[in-house]
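Chains, contacts and geometry: an overview
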Amino acid sequence: MIKSKHLLGIKELSAKEIYHILDTASGFKDVLKRDIKKVPPLRGKSVVSLFFEPSTRTKTSFALAAKRLSADFVNFSVSTSSVIKGETIQDTALTIQSLGADFMIVRHASSGVPHLLSNILEMSVINAGDGANEHPTQALLDLFTILAHKKRIEGLTVSIIGDIAHSRVAKSNIYALTKLGANVRVICPPTLMPAEIEKLGVDVFHSTDKGVKNCDVVMTLRLQLERQSKGFLPSLEEYFNLYGLTSERLKLAKDDAIVMHPGPMNRGVEIESAVADGPQSVILEQVTNGIAVRMAVLYLLAGVKK
Amino acid sequence: MSKEILDSNDINRAIRRMAHEIIEKNKGTENLCLVGIQKGGVVLAGRLASQIESIEAGPIEVGALDITFYRDDLNTKEEQPVVKRTDVPFTITGKTVVLVDDVLFTGRSIRAAMDALTDFGRPAYIQLAVLIDRGHRELPIRADYAGKNIPTSFDDLVEVVLEEDNSKNRAVLISGQ
């Protein structure tokens, strides 16, 4: 059962809690298939999003999740708020709490901001991405999507290709997959590989061909294009040649391997268009599953004794 | 302290009688379907359906309904919710839906079930069949078909065990004190 009223990261969750969230999400997935895609459990509750970094899909996904649980959803717009007038993030958060909100969905460029806020707030804090630390709901929806196709997580080989050093998606997925017993491989240029990443229980590959060989799941990550200007990469073409997921490379994986991407995609940089749109791609399913998983998170956190 | 209030024979007789009552009240089985409430009502709905089928010809549609998302006690209950399967693979609009549950107590589950059901369509009638009515209603809800009325005190627990393969059938009253 879920112990904390906050969702700060996968690191803080047990395998049992993760499975409980995923089981609950499959109930919501069924709700989303009906004509009436709305259920009443969070009636009268309100959910506020506080995003200090741009996001469309995560914010929209949370908004739909909240509304389909009958909660009210309000977006606190940082760019037009008093934050730019110099208010501290704690004061902003306490103000939102005083407005009577029950959940705060936070995204910030600095790691640890949701943790900081959870220490001063009574309301539930959900991390929607903090710096290079974690993006827990993305990892949960990835697990949900893998389970839907593979029926298990334990024993699967999952290859994550991309900017491991700067990716909170990679971090959350590594925690989640290793907790549930998958073999995780990480593949990326040496300049984008964090030191001592092996300590998280993953196998490091610098060759994409070797890293993808015989895996069950290939997860490609978005390459932030400014990495090149900061000198981590010689050129985007070279990145594609060495680390891009092409149809040729995908053939090295198992025949029934699935291809995942958290979005937004850079076609021709980390993934070839033919792969992104190909039969093994589950990229759009990930987006659909995101709503069910976020409904499960909001719903279960609401049931945790305050 | 616990005592058996219904044994296997009692339960089978109650199911047989309820099946006859359902057919009689609805003048046959046309337009009729059964929906069991998770968890206790699902096996019972299956049993009632096969009993009805053995009396009247024709298959009866049977669904399962999980009411977790429709409960009104998410914040007050001690234990956290566990979601079970909902499976209503047929349209209920215009049909007579018999909701089936093992025990009728406060009536709150039935209220939730009716809300859940109406999100699937608009039944012509909703009726209620329960194996045991133990009283203590908190809402204006009553059963159309009851296997047995059992007086209980509010703190008691009524536990019904129905195995799918009919291997175990019993209802037990566990005293609250």
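Residues numbered from 1 in each chain as written. Chains lettered and ligands numbered in written order. Predicted model: local features only at pLDDT ≥ 70, side-chain atom pairs only at ≥ 80, totals over all residues. Heavy atoms only, no water.

Some remarks on the overall build of chain A
Stated precisely, the cut-off is as follows: Put simply, DSSP H or I for four residues or longer makes a helix, DSSP E for two residues or longer makes a strand, and each gets a number counted from the N terminus. With the radius of gyration taken over C-alpha atoms, the globule rule is written as 2.2 Å times the number of residues to the power 0.38. Residue burial is assigned from relative accessible area. The probe radius is 1.4 Å, only protein chains are included, and a residue is buried under 20% of its type maximum, exposed over 50%, and partly exposed in between. For the accessible areas, the method is Shrake-Rupley and the probe is 1.4 Å, while residue cover comes only from the protein chains on display. Charged residues are defined here as Lys and Arg on the positive side and Asp and Glu on the negative side; His and the ends of the chain fall outside this count. Every charge is mapped onto a representative atom, which is NZ of Lys, CZ of Arg, CG of Asp or CD of Glu.
On a plain count of helices and strands, chain A comes out with twelve helices and nine strands. Its C-alpha atoms give chain A a radius of gyration of 19 Å, near enough to 19 Å, the size a compact globule of 306 residues would have. The principal-axis extents of the C-alpha atoms in chain A amount to approximately 55 × 45 × 35 Å. Taken over 306 residues, chain A has a buried fraction of 57%. Total accessible area on chain A stands at roughly 12,500 Å², and carbon and sulfur atoms take up 52% of it. When the 37 positive and 31 negative side-chain charges of chain A are each reduced to one mean point, those points stand 5 Å apart.

Thoughts on the interface of chain B and chain A
The test is simple: Between two residues, a contact is recorded if the distance between any of their heavy atoms is within 4.5 Å. The term buried area denotes the loss of accessible surface (1.4 Å probe radius) that occurs when two parts are joined, taken as the sum for both partners. Salt bridge criterion: a side-chain nitrogen from Lys or Arg within 4 Å of a carboxyl oxygen from Asp or Glu. What qualifies as a polar contact is a pair of N or O atoms within 3.5 Å, subject to a donor-acceptor requirement within protein and to the restriction that residues adjacent in sequence count only when both atoms come from side chains. Any residue outside Ala, Val, Leu, Ile, Met, Phe, Trp, Tyr, Cys, Pro, Asp, Glu, Lys and Arg is labelled polar, Gly included; the first ten of those are nonpolar and the last four are charged.
Between chain B and chain A, the contact holds 16 residues from the first and 22 residues from the second. Together, the buried faces of chain B and chain A total about 1,600 Å²; carbon and sulfur atoms form 56% of this surface. Counting across the chain B and chain A interface gives one salt bridge. For the salt bridge of B:Asp119 with A:Arg34, the shortest nitrogen-to-oxygen distance reads 3.6 Å. For the pair chain B and chain A, the number of links is four residue pairs in polar contact (both at pLDDT 80 or more). A class-by-class count of the residues in the side of chain B that touches chain A yields seven nonpolar, six polar and three charged.

Looking at the environment of B:Lys168
With respect to the helices and strands, the residue B:Lys168 is situated in the loop between strand E7 (157–162) and strand E8 (169–174). Apart from residues no more than four positions distant in its own chain, B:Lys168 is found in contact with B:Val161, B:Leu162 and B:Glu163.

Remarks on helix H12 (residues 283–302) of chain A
All names here are of chain A. In plain terms, the rule: Here a helix's expected span is defined as the number of its residues, less one, multiplied by 1.5 Å. Two axes enter the bend calculation: one fitted to the seven residues ending at the residue in question, the other to the seven starting there, and the bend is the angle between them.
In this model, H12 (20 residues) spans 29 Å end to end at C-alpha, consistent with the 28 Å of a helix rising 1.5 Å per residue. Largest kink in H12: about 30°, centred on Asn289. Extensive coverage of H12 is indicated by the burial of 16 of its 20 residues.

As for the sheet that holds strand E1 (residues 46–51) of chain A
Residue and element names in this part refer to chain A. Under the convention used in this document: Here a strand pair is declared whenever DSSP counts at least two bridges between the two strands. Between the N-to-C directions of two axes lies an angle of 0 to 180 degrees, each axis being a line fitted to C-alpha atoms and, for a helix, fitted only over the stretch in contact.
Spatial ordering of the open sheet is given by E2-E1-E3-E4, a layout of four strands whose pairing is parallel. Across the chains shown, the open sheet's two edge strands, defined by having one partner strand only, are strand E2 (72–76) and strand E4 (124–130). With direction set aside, neighbouring strand axes in the sheet form an average angle of 20°.

Let's talk about the sheet that holds strand E5 (residues 125–133) of chain B
Residue and element names in this part refer to chain B. Taking strand neighbours across the sheet as the criterion, the five strands line up as E3-E2-E4-E5-E6 in an open arrangement whose pairing is parallel. One side of each edge strand has no neighbouring strand; the edge strands of this open sheet are strand E3 (61–65) and strand E6 (145–149). Averaged over neighbouring strand pairs, the angle between their axes works out to 25° when direction is ignored. Two elements, E5 and E6, share four bridges in a ladder whose sense is parallel.

Some points on the pattern of salt bridges
Inspection of the entire model under this criterion finds 22 salt bridges over all chains. The salt bridge partner of A:Lys33 is A:Asp30, with a shortest N-O separation of 3.7 Å. Judged by its relative accessible area of 62%, A:Lys33 falls in the exposed class. Several salt bridges converge on common partners, so that one network encompasses B:Asp72, B:Arg108, B:Arg111, B:Asp115 and B:Glu138.

Re the layout of surface pockets
Which entries qualify depends on this criterion: Think of a 1 Å grid over the protein atoms and nothing else: a 1.4 Å probe that fits but is trapped marks a cavity, an open set flanked by protein within 12 Å on at least five of seven lines marks a pocket, and residues with an atom within 4 Å of a point count as lining. Grid points are joined across faces, edges and corners, and a volume is the space filled by probe spheres set on the points.
Of the volumes computed, that of the largest pocket is approximately 1,300 Å³. Lining the largest pocket are 41 residues, and of these B:Gln38, B:Lys39, B:Arg71, B:Lys77 and B:Ser109 lie nearest its centre. Those elements giving two or more residues to the lining of the largest pocket turn out to be helix H2 (40–55), strand E4 (96–104), helix H3 (108–118) and E7 of chain B. With six residues, E7(B) is the single largest residue contributor to the lining of the largest pocket. Approximately 650 Å³ is the volume found for the second largest pocket. Along its surface, the second largest pocket is lined by 24 residues, and A:Glu53, A:Arg107, A:Arg168, A:Arg222 and A:Gln224 are the ones closest to its centre. Secondary structure elements with two or more residues in the lining of the second largest pocket: helix H2 (57–68) and helix H6 (168–179) of chain A. For the lining of the second largest pocket, the per-class residue count stands at seven nonpolar, ten polar and seven charged.

So, the packing of helix H3 (residues 89–98) of chain A against helix H4 (residues 113–120) of chain A
The geometry of a pair of packed helices is captured by two quantities: the angle between their axes and the separation between those axes. Residues and elements named next belong to chain A. Rules: Put simply, angles under 35 degrees are roughly parallel, angles over 145 are roughly antiparallel, angles from 65 to 115 are roughly perpendicular, and the rest are oblique. Should the near helix be turned anticlockwise from the far one by less than a right angle, the crossing is termed left-handed; should it be turned clockwise, right-handed.
Interhelical geometry of H3 versus H4 gives an angle of 55° and a closest axis separation of 10 Å. Compared by their axis directions, H3 and H4 come out oblique. Every pair of crossing elements has a handedness; the one defined by H3 and H4 is right-handed. For the pair H3 and H4, the contacting residues are Ile89, Gln90, Ala93 and Leu94 in the first and Val113, Leu116, Leu117 and Ile120 in the second. Looking at side-chain class alone, the contact of H3 with H4 contains seven nonpolar, one polar and no charged residues.

Here we look at empty space enclosed by the protein
Residue and element names in this part refer to chain A. In total, this model carries one cavity of 30 Å³ or more according to the counting rule given. Taken as a whole, the largest cavity spans an internal volume of roughly 50 Å³. Residue lining of the largest cavity: Ile2, His6, Leu7, Leu13, Ile21, Val297, Leu300 and Leu301, and that is the complete set. With three residues, H12 is the single largest residue contributor to the lining of the largest cavity. Looking at the lining of the largest cavity, its residues break down into seven nonpolar, one polar and no charged.

Regarding the nonpolar core
Defined as follows: As used in this record, nonpolar core signifies buried Ala, Val, Leu, Ile, Met, Phe, Trp, Tyr and Cys residues forming a set joined through side-chain atoms within 4.5 Å.
Membership of the largest hydrophobic core comes to 114 residues, with the highest contact counts inside it found for A:Ile160 and A:Leu298. When residues of this core are assigned to their parent elements, the largest contribution, twelve residues, is made by H12(A). In this structure, A:Ile160 is in contact with A:Ala170, A:Asn173, A:Ile174, A:Val184, A:Arg185, A:Val186, A:Ile187, A:Met219 and A:Leu221, ignoring residues within four places of it in sequence. Counting 30 residues, the second largest nonpolar core, distinct from the first, contains B:Ile23, B:Ala49, B:Ala129 and B:Val158.

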